[in-house]
Every structure is written in structure tokens, then in C-alpha cells.
Amino acid sequence: RERGGEKWTKKIKSEGMGEIMRGRRWIELGQEQQRAYVMRLLDALEVTDRDKRLKVARAILYLAQGVFDECDMDADVIHWSRHNVFLLYDMGIFTALLELLSMEIDNNQACSSAVRKPAISLADSTELRVLLSIMYLMVETIRLQTEDDRPEWRAAREAFKTELGSPLYNGEPFALLLFTMVTKFCSMNAPHFPMKKVLLLLWKTILFTMGGFEELQEMKVRGRERLSLPPLPEDSIKVVRSMRAASPPASAMELIEQQQQAKRGRRSRRPLVKQDSLDTYNERDPFKNDDARDEEEDGEEADSGIEGEVDPLDRDVIIQPPPPPPPLRPPTERASLPKGLPWAPKVREKDIEHFLETSRNKFIGFTLGNDTETLVGLPRPIHESVKTLKQHKYVSIAEMQIKREGELQQCPMTLGEEDVDETPTEILYLGMLPNLSQYVIALLKLLLAAAPTSKAKTDSINILADVLPEEMPITVLQSMKLGIDVNRHKEIIVKAISALLLLLLKHLKLNHIYQFEIVSQHLVFANCIPLILKFFNQNIMSYISAKNSICVLDFPHCVVHEMPELTAESLEAGDSNQFCWRNLFSCINLLRILNKLTKWKHSRTMMLVVFKSAPILKRALKVKQAMMQLYVLKLLKIQTKYLGRQWRKSNMKTMSAIYQKVRHRLNDDWAYGNDIDARPWDFQAEECALRESIEKFNSRRYDKNQNGEFAPVDNCLQSVLGQRVELPEDFHYSYEMWLEREVFSQPIQWEGLLQQAQ
């Protein structure tokens, strides 16, 4: 959650709340008195004086933050924050704040003033930050469910969820307004917008209105039931949570050290010297003397890779999910993990058709097209193979949607209109469609500016407008604190953008595959693939274990307890966590986005090969976290056949890890690369064909004028002549003149008419 307790929060009691409360304590008031005070604040928000409005908005933020001046414990602040947020929503504060936010967005004077300023600081976005902070607290607090929720709070949650996802704000959903703020900022028209708060609010709004990964899984199950498809073979979320991380691959330097030790006669206890695990991560940097980051290191790693089984000494140092959500798994659960492969194998209809086509050509000499039932003339083993393939056949919702779209394109008249559910995803896509490329490019610009590998450029966008103070630090301590805040600021932006893009892609894919494909194509054309690879082309271990936070300044600790004196030593120590869960979360999200962009796309897989992603991804395997390793291995699997025999020979343990952890596709020879030479590499045609299908889909579903030529025509003479036609008032005055000029005086060539009719 966003850090609270900014400078002005200490003055709230003497400003907005102090004037209204007149010395009384908020926590001692009854429900009706509290509602009366909130009503007075709501009335005061409508004054024309900007400074007075800001005081009242700060008072509302003080309520949303949990009236911390009256609380003695962190839990009390959380309790009163939750109570007050539901009260504020019930009184209509969010709608009032939305009007003020729209005013600030359209404030051309503030925008032009910010554009002319040489340096923008926190002072330029005070009003916006106050409004966005309140709205963020309201969205995030109402979104989270707890066991002690009152019935009226549950009803308020559903109402708020519907309200945010519906086109109630000027005919568009709330998320679209935030997207507009992002594009306005990236086009340099409003450089004072606090992008971190905007992106956080945008992410949480989409998470609230559309649902998270658990809700997505439930929606997928219901969607398959509606299409009469068999249930999913397993719950992917549970499978990934039950996975264990494997030992990281040894680096080239460690292998050299190992060889030198062997020459000196020192026999190592283990065949490979593993890199220190993350829980015991010390000052040693495995990349300190390994600056050559290209594919040449892979030739040296003849015995490197991921070991299939975790060493007993390393079992207690695997990264576990952060407490409390989700809770740590007890050791007994790990001991009872099922043996064998974690995923059920899958087969596509195309795989069965290709297998039968090859078999018929070999044994019979001719093919039967797409027929997958006729097995006449094929030997018995082929029958058994087809039976096994069909047992593991998997038809996705996307395949059904593509098939249905083809039918609608082919028979637009007979199949009639398509019934489209007005889901929050559908409403948001419809609103985003006209400016979709602008939104995607803006998000990627922000991601690039916040990436740790990006170098500062004078022409790049300034994402630090809402973290830099008016007066720059003059002491070493202040400089250290600002440096930590800037790094933390960038990490939060990366986290918000990566989670936002992943959620959008997953929801759009479930809603309709072509909605997902158009966003994916915009991302690919905006260089998202090399951008993510550039992000991972860093010392990923240092990024995962970064300590860019100051515990004593975290909310609500900073406003409830006496703040100790900050020193350079306490800032260097950082927090007590050995890992930055925020950065780990961002890395996993970016890997999942990369998987979604490249899956089943040959041209994009070749982009991974061309950009030499294999050594970059292999370094990411050093992070001992099961989910992150899984998505890295998936990306390595799809390009393995293009990396050459020498690479596969040098990375056999990585290949074994892929076999062990990644889902098997029967008849997929990913590890051999037999069909590379025979396959045509026409990448442009693949993307153009996809774009054509997307444009046909958007035209059919969203172009309102596309059915004009199919409008019904009345061909009955009696009904046409019997229709009443509205004529102008002066028609009967000029009718005879028109008849004489246009009909009687014009010669009619009857022979020509007859010839045309023939």
C-alpha cells in the first residue's frame, strides 16, 4: 500500500477537520454524528476557493487513513480506516472526488504552467495527489473482503464494483479516465501528473472491476461449461503453488573455480558448486567478474543447469510466498507432494490431424484432409497412438471463439446478430478501442523510464515529478533517503504496469481471443519483447534482493509510533526482509506477459532468438522461486529447437528441468528441431493474416454502419405506393412546373431502356 503520513497530514486537525470537529474525538462519535460531519465536508468541497477545497480534501484523506492521531496501535488505524471508507462511499464522496479530479485534469492553466517549468516537484501536484490518494484508499479498502464484513458493506462492495466497471462517468468507465491521464502525461501535455498514484489506482480499479487470478480461473471454468467443453485437467494456480524451486545453475565463474580446485586435488563434496541461495545471500556478487553477457558463456557451461531434485541442504532456503497472503505452507505439505509430472499433457486438434496426415502418407499414400476418425489401412500401433492423443485432446475457449467468428463472417445473414454480454471487460475494451495504440505505447514508455537498466536521457519522460521535493537535499542523510525513495518509486511503477498489462491480457483473452490479439500485436509492434528482455538483462539477483524501503516510514507505523532518528546506518540496513517481494512480483508478471505474447507465434518466438534471450533468461533461473523458474523455462522451451545442437548439448540439465516442470505437448519435438529447415519463415505474412482477422472481428462487432448494404428492402409495389411520404409545404406550388420540366419535356429513349433490360 502507498506510504502514508506526508508532511501535510500532521496539520489536518488544525485545518479541515479541526474547524468541523471543534475539539471532539472522531472515534467517540455515534454513527449519525459521523454522517453529519461527512455531510458538512461534502458541502464544503463545492466551494470555489481552491485552498479551502484542498483543506477539506485533506480532512477527508485523514478520515480515509484511519484518524491515526486518535489511535495507539496499527490495528486501530486499519479498523477505523475501513470503517470510515465505507462511510465515505455511502455518503457519495467518491462521486464528488471524481468531479474534482476531472476539473484538475482539464485545468489547462496548471498544465501550461507545468510545461514551462524547468523542474517539476511535489508542489505542482498537491491537489491531484490528495484526490488520488483518497480514491486509491477507497478502491483498495472496499475491494478487500474480510470475515467480519457487515452485510451493508458487502452490498456496498458489489454496488461500487458495478459502478466502477459501468460507463457511468461521461459515458465511459472510470479506468478509461485514468488511461487518459496516462496518455496526457506521456505526450508531455501534463508533466505534473503523479503517475505512480495514477497507475496504482488504475491497476486496482481493473483488479476490482474485472477480478484477480482466482476469479479468472472461476470465469474460465464457467465459460467452458457454457461451451459444453470438458473441465480443465487441473487448477493451474494450485499446481504452481505446490511446485518446488530447483537449485540455480552454476555460473561460468563458479565452474572455473571448481575446475581449479579439482586441479589442486581438492575434491568437492558436491559435483557442482551452487550459488548461495537467496536466504543466505551475502555480499558476494556472482556477476562481479562476469561482464561478458552474451551467448558465449553457454558454451562453457557444459555441466550447468537446473538440477531436477533440490539438495537436502537447500530445502529450507527456497523462496516461499510472502506472509501473510498467501500463508506459508507447512513442511508436512511439501513432504506429501504427489510424485510424477505436475501437469497433464495436452494435444490440439491440429496435432492429431498432422499425425494422421503423416501416417496416411507413409502407410497408404494419400490423405483424407481433416478427417480424424477414419483409421482404415493404418497399422495397430497407429490406432493406439490416435487413441492416446484423443484421450489428452484439449480444446480451448479461444479455439471455439475463432471457430464461431469464422462462421459469423461466412454467414452474416443466416446466423443473425451475436449476443455480446456487457461485462466490465467488454465495456472497457469498447472504450479503449479508438485509442488503444496510444494507451499501450504510453504504458511501455513509463515501463522503460522506470526500468533499472534504463540510462537517464534528457528527452525521456520524467516519472519523478511526484517524488522530488521542492528543495533538493543538502545533507548526505537526505540524499540517501531521496535515493531510496526514487528507487522505490520506480519499483512501484514497474509493479503496477506489469500487473496491469498481465490482467488486461488475461481478461481480454477470456472475453474474446481477438481482443487479446489486438492488444498483443500493439505491444509487439511497440517493442515490448526487447523491452522486457532489456529489463532482465541486469543483475537479477541484486534486483530481487534490493532494499529500497524504510520500515519506520511505512504507514501506519510512521504516524502511530514515535519516529526514531534516521541515520545513514539505519537507511543502509533497509528492512528485515531478505527479498523484495515487490520486485519478484514484477519479474514474474513480465515473464508471464512475454509468454503470452510469444505462445504459438512462430514469428515472435524467432524474435526471442534474434535478440539472444537465452543467456538472459538462464541468468534469471538463479532466482530460487518456483513460479519464476517455471515461466523462464517455458520461454526457453519454445526457442530450444532454434538454438542449435551445441546449446542443447551444453545445457542438458536445463532441458531436464523443462521436461520436469513444463507441460508436455504430445508429438511436440521441441528438443530436437527436426522441422526447422523445411519451415518457411514468412513472419510478416503471419502478423498480417492475424491483423486481417482482428480487423474483420472489430468491423463486424463494433462498426455500426457495416450492415447498411444488408438492410431489408421492400419490393412489394402496393406497400411502397401506399407509404405516406412527408413532402415540403411548398410542394404543391411547384409540382406542375417540376413535372413539365423533368418529365414531359425530356425525350425518353424507349429502345435504349429495352436494350439495357435485355
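What counts and what doesn't
- Residues numbered from 1 in each chain as written.
- Predicted model: local features only at pLDDT ≥ 70, side-chain atom pairs only at ≥ 80, totals over all residues.
- Heavy atoms only, no water.
- Helix = DSSP H or I, 4+ residues; strand = E, 2+ residues; numbered from the N terminus.
- Buried < 20%, exposed > 50% of the residue type's maximum accessible area, 1.4 Å probe, protein only.
- Areas by Shrake-Rupley, 256 points an atom, 1.4 Å probe, with all protein chains shown as cover.
- Core = buried A, V, L, I, M, F, W, Y, C linked by side-chain atoms within 4.5 Å.
- Contact = heavy atoms within 4.5 Å.
- Expected span 1.5 Å × (residues − 1).
- Axes fitted to C-alpha atoms, helices over the stretch in contact; angles between N-to-C directions.
- Parallel < 35°, antiparallel > 145°, perpendicular 65-115°, else oblique.
- Left-handed = near helix turned anticlockwise from the far one by under 90°.
- Nonpolar A, V, L, I, M, F, W, Y, C, P; charged D, E, K, R; others polar.
- Patch = residues over 30% accessible without salt bridge, like charges linked within 9 Å, V, L, I, M, F, W, Y side chains within 5 Å.
- Salt bridge = Lys/Arg side-chain N within 4 Å of Asp/Glu carboxyl O.
- Lys, Arg positive; Asp, Glu negative; His and termini not counted.
- Charge placed at Lys NZ, Arg CZ, Asp CG, Glu CD.
- Phe/Tyr/Trp six-rings, centres within 6.5 Å; stacked < 30°, edge-to-face > 60°.
- Polar contact = N/O pair within 3.5 Å; in protein donor to acceptor, adjacent residues only side chain to side chain.
- pLDDT = per-residue confidence, 0-100.

### Notes on the overall build of the protein
Item 1. Secondary structure assignment for the protein yields 36 helices and zero strands.
Item 2. Counting only residues that meet the buried cut, the protein has 47% of its 758 residues in that class.
Item 3. Per element, the accessible surface of the protein, about 40000 Å² overall, is 53% carbon and sulfur.

### Thoughts on the nonpolar core
Item 1. One finds Leu 101, Phe 174, Ile 206, Leu 446, Phe 536 and Met 628 to be the most contacted residues of the largest nonpolar core, which totals 170 residues.
Item 2. Here this core takes 15 residues from helix 21 (residues 476-511), the largest share from any one element.
Item 3. Excluding its chain neighbours within four sequence positions, the residues that come into contact with Leu 446 are Val 182, Phe 185, Cys 186, Met 195, Leu 199, Ile 461, Ile 463, Ile 493 and Ile 497.
Item 4. Ranked by size, the runner-up nonpolar core spans nine residues in total, among them Ile 352, Leu 356, Leu 378 and Val 386.

### Looking at the environment of Cys 71
Item 1. With respect to the helices, strands and loops of the structure, Cys 71 is situated in the loop between helix 3 (50-64) and helix 4 (74-90).
Item 2. Using a relative accessible area of 7% as the deciding quantity, one classes Cys 71 as buried.
Item 3. For the pair Cys 71 and Ile 27, spaced 44 residues apart in sequence, the C-alpha separation works out to 8.8 Å.
Item 4. Dropping the residues within four chain positions of it, Cys 71 is found in contact with Gly 66, Asp 76, Val 77, Trp 80 and Val 560.

### As for helix 7 (residues 126-143)
Item 1. The end-to-end C-alpha distance of helix 7 is 26 Å, a good match for the 26 Å that 18 residues give at a rise of 1.5 Å each.
Item 2. Taking burial as the measure, the 18 residues of helix 7 include 18 buried ones, the bulk of the element.

### Quick look at the packing of helix 22 (residues 513-525) against helix 33 (residues 683-702)
Item 1. In contact at an axis separation of 10 Å, helix 22 and helix 33 are set at 135° when each is read in the N-to-C sense. Viewed along their axes, helix 22 and helix 33 adopt a mutual orientation that is oblique. As for the relative orientation of helix 22 and helix 33, their crossing is left-handed in sense. Note on element contacts: helix 33 touches helix 22 through Glu 687, Leu 690, Arg 691, Ser 693, Ile 694, Phe 697, Asn 698, Arg 701 and Tyr 702, opposite Tyr 514, Gln 515, Glu 517, Ile 518, Gln 521, His 522 and Phe 525.
Item 2. Residues that form the contact of helix 22 with helix 33 fall into these classes: seven nonpolar, five polar and four charged.

### A look at the side chain of Thr 205
Item 1. Along the chain, the position of Thr 205 falls in helix 10 (residues 195-210).
Item 2. Dropping the residues within four chain positions of it, Thr 205 is found in contact with Val 139, Leu 164, Phe 174, Ala 175 and Leu 178.

### Thoughts on a nonpolar patch on the surface
Item 1. On the surface, Val 725, Leu 727, Phe 731, Tyr 735, Trp 738, Val 743 and Phe 744 cluster together to form a nonpolar patch covering roughly 690 Å² of accessible area.
Item 2. For Tyr 735, the location among the structural elements is in helix 35 (residues 731-744).

### What about a negative patch on the surface?
Item 1. Together, Glu 417, Asp 419, Asp 421 and Glu 422 line one region of the surface with negative charge.
Item 2. Structurally, Asp 421 is set in the loop between helix 18 (397-410) and helix 19 (424-432).

### Observations regarding unusual backbone geometry
Item 1. In the segment running from Phe 555 into Pro 556, the intervening peptide bond is cis, with an omega of 5°.
Item 2. If you check the backbone angles, Asn 527 has positive phi at about 65° while not being a glycine.
Item 3. Along the chain, Asn 527 falls in the loop between helix 22 and helix 23 (528-536).

### Comments concerning the packing of helix 21 against helix 27 (residues 581-598)
Item 1. For the pair helix 21 and helix 27, the least separation of the axes is 9 Å and the interaxial angle reads 35°. As for how helix 21 packs across helix 27, the hand of that crossing is left-handed. Taken together, the residues of helix 27 that come into contact with helix 21 (itself represented by Arg 488, Glu 491, Ile 492, Val 494, Lys 495, Ser 498, Ala 499, Leu 501, Leu 502, Leu 505, Lys 506 and Lys 509) are Arg 582, Asn 583, Phe 585, Ser 586, Asn 589, Leu 590, Arg 592, Ile 593 and Lys 596.
Item 2. Classifying every residue of the contact of helix 21 with helix 27 by side-chain character gives nine nonpolar, four polar and eight charged.

### Some remarks on helix 23
Item 1. Within helix 23, seven of the nine residues are buried, leaving the element largely enclosed by the surrounding structure.
Item 2. All buried positions along helix 23 are accounted for by Cys 528, Ile 529, Leu 531, Ile 532, Leu 533, Phe 535 and Phe 536.

### Notes on the packing of aromatic side chains
Item 1. Under the counting rule described, the total for this entry stands at 16 aromatic pairs.
Item 2. Considering the side-chain rings of Phe 94 and Phe 174, the 5.5 Å spacing of their centres and the 75° angle between planes classify their relative orientation as edge-to-face. Separated by 80 residues along the polypeptide, Phe 94 in helix 5 (residues 93-105) and Phe 174 in helix 9 (residues 174-186) bring together distant segments of the chain. Both residues of the pair, Phe 94 and Phe 174, count as buried.

### Some points on the environment of Leu 566
Item 1. With respect to the helices and strands, the residue Leu 566 is situated in the loop between helix 25 (557-560) and helix 26 (568-573).
Item 2. Distance in space between the C-alpha atoms of Leu 566 and Val 552 is 8.8 Å, their sequence separation being 14 residues.
Item 3. If near-sequence neighbours (up to four positions away) are discounted, Leu 566 is found in contact with Leu 477, Lys 481, Ile 550, Val 552, Leu 553 and Leu 571.

### Focus on the side chain of Asn 651
Item 1. Relative to the helices and strands, Asn 651 resides in the loop between helix 31 (645-650) and helix 32 (652-661).
Item 2. By relative accessible area, Asn 651 is classed as buried at 0%.
Item 3. Within the structure, the side chain of Asn 651 is placed 2.3 Å from the side chain of Lys 618, a separation counted as a polar contact.
Item 4. Within polar-contact distance, the side chain of Asn 651 engages the backbone oxygen of Trp 647 at 2.7 Å.

### A short note on the environment of Ser 133
Item 1. Turning to its location among the elements, Ser 133 is positioned in helix 7.
Item 2. In this structure Ser 133 comes out as buried when scored by relative accessible area, which is 11%.
Item 3. Sequence spacing of Ser 133 and Lys 197 is 64 residues, and the spatial spacing of their C-alpha atoms is 7.1 Å.
Item 4. When neighbours within four sequence positions are excluded, Ser 133 is seen to be in contact with Leu 61 and Lys 197.
Item 5. For Ser 133, the side chain forms a polar contact with the side chain of Lys 197, separated by 3.1 Å.

### Structural notes on the confidence of the model for the protein
Item 1. Taken as a whole, the protein shows an average pLDDT of 83; of its residues, 81% reach a score of 70 or greater.
Item 2. Scored below 50 in pLDDT, residues 266-317 makes 117 contacts in the model with residues more than four places away or belonging to other chains.
Item 3. Low pLDDT, under 50, characterises residues 324-338; the predicted model gives this stretch twelve contacts beyond four residues in sequence or across chains.

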